[in-house]
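The residues making up each chain are set out below.
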Amino acid sequence: MSKSPLHFNPTRFEGALSEKLYIGFASASRKMEREKLIRLLRTKHKDNDEAQTLADKLEACKKNKRCQLAPCPECAPAGQKLLAKVAATFLAKQEGAGHLVCVSIVPADGVCKPKDLDPAYAARNVRRWKERLGRAGVTWFVGALDYSLNEHDTARYKPHWSEHIYGLTTTTDMDRLKKELRKQFPVTEAIPRPVKVKIWDGDPDALAYLLKPNYWRRVATDDGERFTKNGMRSCRATDKQRLRSKERVRLALYLDELGLHGRLVLRWAQFVNRGATASIEERAPKTVGTRIA
Ligand SMILES: [Zn+2]
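It should be emphasised that the depicted structure is a prediction, and the values quoted were computed from it without experimental measurement.

## Focus: the coordination of the zinc ion
Next, step 1: For the zinc ion, the protein coordination sphere consists of Cys 61 (SG), Cys 67 (SG), Cys 72 (SG) and Cys 75 (SG), at 2.2 to 2.4 Å.
Next, step 2: Around the zinc ion, the four donor atoms are arranged such that angles at the metal cover 102 to 117°; this shape is classified as tetrahedral.
Next, step 3: Spacing between the donor residues of the zinc ion along their common chain follows C-x5-C-x4-C-x2-C.

Written out as structure tokens, the structure reads:
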């Protein structure tokens, strides 16, 4: 079999990152963000070989010769744009088959210590979670992994990374879908609302959120206030804060290993790159067996 000189892989997401995805709003500030990340790796982590290798790769990211890395502040937003675009085309074909809904899931077994962030662990999680989506009655699912560093302001639980999923699917029965998903992804002490489902109103922001390139530290408090018909009452709330530089580097090193493609969570669907065009194609289980990308 002849080997393509470009190592063309029709299902590799990064291979479809064309230069035009880098053009537009905030492109100058993204370049600055990349330079800032390189400086951080070069100064505060100069004894860390992995950090230096990542800095080398980020430094080499140039027009028409992109690094295509998941932690790259220029390539990650290009990937975000690409996934939003192919997801929009895929979703347009699904209309009329039920309600299109946005689903956010924070699985209890997606919690891990910083040293445990690992692509093999993520791949196992994704396999397991796709099975659970199936058990909850989900057919196709177009989504991606997202990450946050979760803390509690009075240290009621230990700080941890949370690997979670966000994506879109279709349903003819919202309430049943919510109920079934909650059975598969139950509430825990640190995760009071593991499942959120809402109708997709066609807002493109929901598609941009799929592969969002920014990550946060979520600091939970038990003293939040919520207005109810009986007045104010205290509730749990989370405050979104910037990652500390050490955490930012830990996540960047991990994302470098995982790759943008490793973030995709596709069930009964597959990313296909035909060179000039890329798309998400439906893949019913009978055509690809259990090995769905
Ligand atoms: Zn890059």
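## Description of helix H3 (residues 75-94)
Next, step 1: Between its terminal C-alpha atoms H3 stretches 29 Å, which fits the 28 Å expected from 20 residues at 1.5 Å a residue.
Next, step 2: For H3, a buried count of 14 out of 20 residues is recorded, marking the element as mostly surrounded by other parts of the structure.
Next, step 3: One or two positions beyond H3, positive phi appears at Gly 96, with a value near 95°.

## Observations concerning the pairing of strand S1 (residues 99-105)
Next, step 1: When you tally the buried positions in S1, you get five out of seven residues, the bulk of the element.
Next, step 2: Sheet analysis places S1 next to strand S4 (residues 160-171), joined by seven bridges and oriented antiparallel. Note on S4: the bridge partner recorded for Val 103 is Gly 167.

## Comments concerning empty space enclosed by the protein
Next, step 1: Within this structure, the stated rule accounts for one cavity of 30 Å³ or more.
Next, step 2: Here the largest cavity is characterised by a volume of approximately 50 Å³.
Next, step 3: Residue lining of the largest cavity: Leu 21, Tyr 22, Ser 27, Arg 30, Glu 74, Pro 77 and Ala 78, and that is the complete set.
Next, step 4: A class-by-class count of the residues in the lining of the largest cavity yields four nonpolar, one polar and two charged.

## Structural notes on the nonpolar core
Next, step 1: Grouped together as the largest cluster of nonpolar side chains are 79 residues, with contacts concentrated most on Leu 58, Tyr 147, Leu 181, Leu 251 and Phe 271.
Next, step 2: Top contributing element to this core by residue count: H3, with nine residues.
Next, step 3: With sequence-adjacent residues up to four places away left out, Leu 251 is seen in contact with Leu 117, Tyr 147, Trp 161, Tyr 215 and Leu 243.

## Considering the side chain of Glu 151
Next, step 1: Looking at the secondary structure, you find Glu 151 in strand S3 (residues 141-152).
Next, step 2: The class for Glu 151 is buried, based on a relative accessible area of 11%.
Next, step 3: At 3.1 Å, the side chain of Glu 151 forms a polar contact with the side chain of Arg 217.
Next, step 4: Those residues within four positions of Glu 151 in sequence are excluded, and the remaining contacts are Tyr 157, Pro 159, Arg 217, Arg 218, Val 219, Ala 220, Arg 244 and Glu 247.

## What to know about a positive patch on the surface
Next, step 1: Together, Arg 182, Arg 193, Lys 196, Arg 218 and Lys 240 make up a region of like positive charge exposed at the surface.
Next, step 2: Summarising the element assignment, Arg 218 is placed in strand S6 (residues 216-228).
Next, step 3: With relative accessibility at 33%, the residue Arg 218 sits in the partly exposed group.

## Quick word on the layout of surface pockets
Next, step 1: A volume near 1,200 Å³ is recorded for the largest pocket.
Next, step 2: As for the largest pocket, its lining consists of 50 residues, of which Ser 104, Val 106, Lys 196, Arg 218 and Thr 238 are closest to the centre.
Next, step 3: Elements that contribute at least two residues to the lining of the largest pocket include exactly S1, S3, S4, strand S5 (195-199), helix H6 (204-208), S6 and strand S7 (231-241).
Next, step 4: The class makeup of the residues in the lining of the largest pocket is 24 nonpolar, eleven polar and 15 charged.
Next, step 5: Taken as a whole, the second largest pocket encloses approximately 760 Å³ of empty space.

## Let's talk about the side chain of Arg 217
Next, step 1: Checked against the element boundaries, Arg 217 lands in strand S6.
Next, step 2: What makes Arg 217 buried here is its relative accessible area of 10%.
Next, step 3: There is a polar contact of 3.1 Å between the side chain of Arg 217 and the backbone oxygen of Arg 242.
Next, step 4: Discounting chain neighbours no more than four positions away, the residues touching Arg 217 are Leu 149, Glu 151, Asp 239, Lys 240, Gln 241, Arg 242, Leu 243, Arg 244 and Glu 247.

## Some remarks on the packing of aromatic side chains
Next, step 1: This structure, assessed with the given rule, holds five aromatic pairs.
Next, step 2: Ring geometry for Phe 13 versus Phe 271: centroids 5.0 Å apart, planes at 65°, classification edge-to-face. Separated by 258 residues along the polypeptide, Phe 13 in the segment before helix H1 (27-44) and Phe 271 in strand S9 (residues 269-273) bring together distant segments of the chain.
Next, step 3: Here the aromatic rings of Tyr 147 and Tyr 254 are separated by 5.4 Å at their centres, their planes lie at 75°, and the arrangement is edge-to-face. One end of the pair, Tyr 147, is in strand S3; the other, Tyr 254, is in helix H7 (residues 245-263), and 107 residues separate them in sequence.
Next, step 4: Judged by relative accessible area, which is 1%, Tyr 147 ranks as buried.
Next, step 5: The exposure class of Tyr 254 is buried, given its relative accessible area of 0%.
Next, step 6: Through successive ring pairs, a cluster of aromatic residues spans Tyr 147, Tyr 215 and Tyr 254.
Next, step 7: If you follow Arg 66 out to its NZ or CZ, it ends over the ring of Tyr 22, 4.0 Å from the centre.

Cut-offs applied
Residues numbered from 1 in each chain as written. Predicted model: local features only at pLDDT ≥ 70, side-chain atom pairs only at ≥ 80, totals over all residues. Heavy atoms only, no water. Donors = N, O, S within 2.8 Å, 3.2 Å for Na, K, Ca; no water. Tetrahedral: all angles 85-135°; square planar, octahedral: opposite > 155°, others 65-115°. Helix = DSSP H or I, 4+ residues; strand = E, 2+ residues; numbered from the N terminus. Expected span 1.5 Å × (residues − 1). Buried < 20%, exposed > 50% of the residue type's maximum accessible area, 1.4 Å probe, protein only. Pairing = 2+ DSSP bridges. 1 Å grid on protein atoms, 1.4 Å probe; cavity = no way out; pocket = protein on both sides within 12 Å on 5 of 7 lines; lining within 4 Å. Points joined across faces, edges and corners; volume = space filled by probe spheres on them. Nonpolar A, V, L, I, M, F, W, Y, C, P; charged D, E, K, R; others polar. Core = buried A, V, L, I, M, F, W, Y, C linked by side-chain atoms within 4.5 Å. Contact = heavy atoms within 4.5 Å. Polar contact = N/O pair within 3.5 Å; in protein donor to acceptor, adjacent residues only side chain to side chain. Patch = residues over 30% accessible without salt bridge, like charges linked within 9 Å, V, L, I, M, F, W, Y side chains within 5 Å. Areas by Shrake-Rupley, 256 points an atom, 1.4 Å probe, with all protein chains shown as cover. Salt bridge = Lys/Arg side-chain N within 4 Å of Asp/Glu carboxyl O. Lys, Arg positive; Asp, Glu negative; His and termini not counted. Charge placed at Lys NZ, Arg CZ, Asp CG, Glu CD. Phe/Tyr/Trp six-rings, centres within 6.5 Å; stacked < 30°, edge-to-face > 60°. Lys NZ or Arg CZ within 6 Å of the ring centre and 35° of its normal.

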